[in-house]
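Working through the structure, step by step
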Amino acid sequence: MKNRRNNFGNWLNFKLDNLGKTKTWLENRSNLSTGSICRWIKGSTPGIDNYFSVCSTLAKEMHVDVSEVVKETLNYMPNLRTVRRVASLFIFRRILDLVNDLILDKFFVVFVF
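This one's a predicted model, so the numbers in the text were calculated from it and none came from an experiment. (Residues numbered from 1 in each chain as written. Predicted model: local features only at pLDDT ≥ 70, side-chain atom pairs only at ≥ 80, totals over all residues. Heavy atoms only, no water.)

Looking now at the overall build of the protein chain. Across its full length, the protein chain holds six helices and zero strands. Helices and strands appear in the protein chain in the N-to-C order α-α-α-α-α-α. Sequence-distant contacts, at least 24 apart, represent 62% of the contacts inside the protein chain between residues at least 6 apart. For the protein chain, the computed accessible surface area is about 7600 Å², with 56% contributed by carbon and sulfur atoms. (Helix = DSSP H or I, 4+ residues; strand = E, 2+ residues; numbered from the N terminus. Contact = heavy atoms within 4.5 Å. Areas by Shrake-Rupley, 256 points an atom, 1.4 Å probe, with all protein chains shown as cover.)

Written out as structure tokens, the structure is:
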């Protein structure tokens, strides 16, 4: 049986209410289905791609770095293996972003001079 009291879906419902946003708003911004969000609210754990999409969408709306949203959600992810995978994926993506920034900075310097 799923933990209905402390799950990602409950956190998501609470966060959407606090932001004054609806599930439809989230579906449109994150390219998610209604079914996915309903399953999470019932206690299912989201897949990594959907999870990261939701965190990114909410971070943009809240004007914070996505890492802040990821940290906030970790208490609501009952599946520790999923948390580890998400944290690893998040760190990997942050490293890729930093590498891309460095490459773009060097390209910009070469291009300008």
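The next thing to look at is the nonpolar core. Residues Phe8, Leu12, Leu26, Trp40, Val54 and Leu58 are the most contacted members of the largest nonpolar core, which totals 18 residues. At the level of elements, helix 1 (8–19), helix 2 (23–30), helix 3 (34–41), helix 4 (48–62) and helix 5 (66–73) are the ones that each hand at least two residues to this core. If you tally residues by element for this core, the top one is helix 4, at five residues. Look past the residues within four positions of Leu58 in its chain and what remains in contact with it is Trp11, Leu12, Lys15, Leu16, Leu19, Trp25 and Val69. (Core = buried A, V, L, I, M, F, W, Y, C linked by side-chain atoms within 4.5 Å. Buried < 20%, exposed > 50% of the residue type's maximum accessible area, 1.4 Å probe, protein only.)

Positive phi outside glycine occurs at Asn31, with the angle close to 55 degrees. Here Asn31 shows up in the loop between helix 2 and helix 3. The class of Asn31 is exposed, set by a relative accessible area of 72%. One non-glycine residue, His63, adopts positive backbone phi at about 60 degrees. For His63, the location among the structural elements is in the loop between helix 4 and helix 5.

By the secondary structure assignment, Thr73 is in helix 5. Separated by 18 residues in sequence, Thr73 and Cys55 place their C-alpha atoms 8.6 Å apart. If we ignore the near neighbours within four places in the chain, the residues touching Thr73 are Phe8, Trp11, Tyr51 and Cys55. Here the side chain of Thr73 touches Val70 through a polar contact of 2.8 Å, landing on its backbone oxygen. (Polar contact = N/O pair within 3.5 Å; in protein donor to acceptor, adjacent residues only side chain to side chain.)

Let us now look at the packing of aromatic side chains. For the coordinates displayed, the defined rule picks out three aromatic pairs. An angle of 70 degrees between the planes, with centres 5.7 Å apart, marks the rings of Phe8 and Trp40 as edge-to-face. Remark: Trp40 occurs in helix 3 and Phe8 occurs in helix 1; sequence separation between them is 32 residues. Assigned by exposure class, Phe8 and Trp40 land together as buried. Site record: aromatic cluster; members linked through ring pairs are Phe8, Trp11, Trp40 and Tyr51. (Phe/Tyr/Trp six-rings, centres within 6.5 Å; stacked < 30°, edge-to-face > 60°.)

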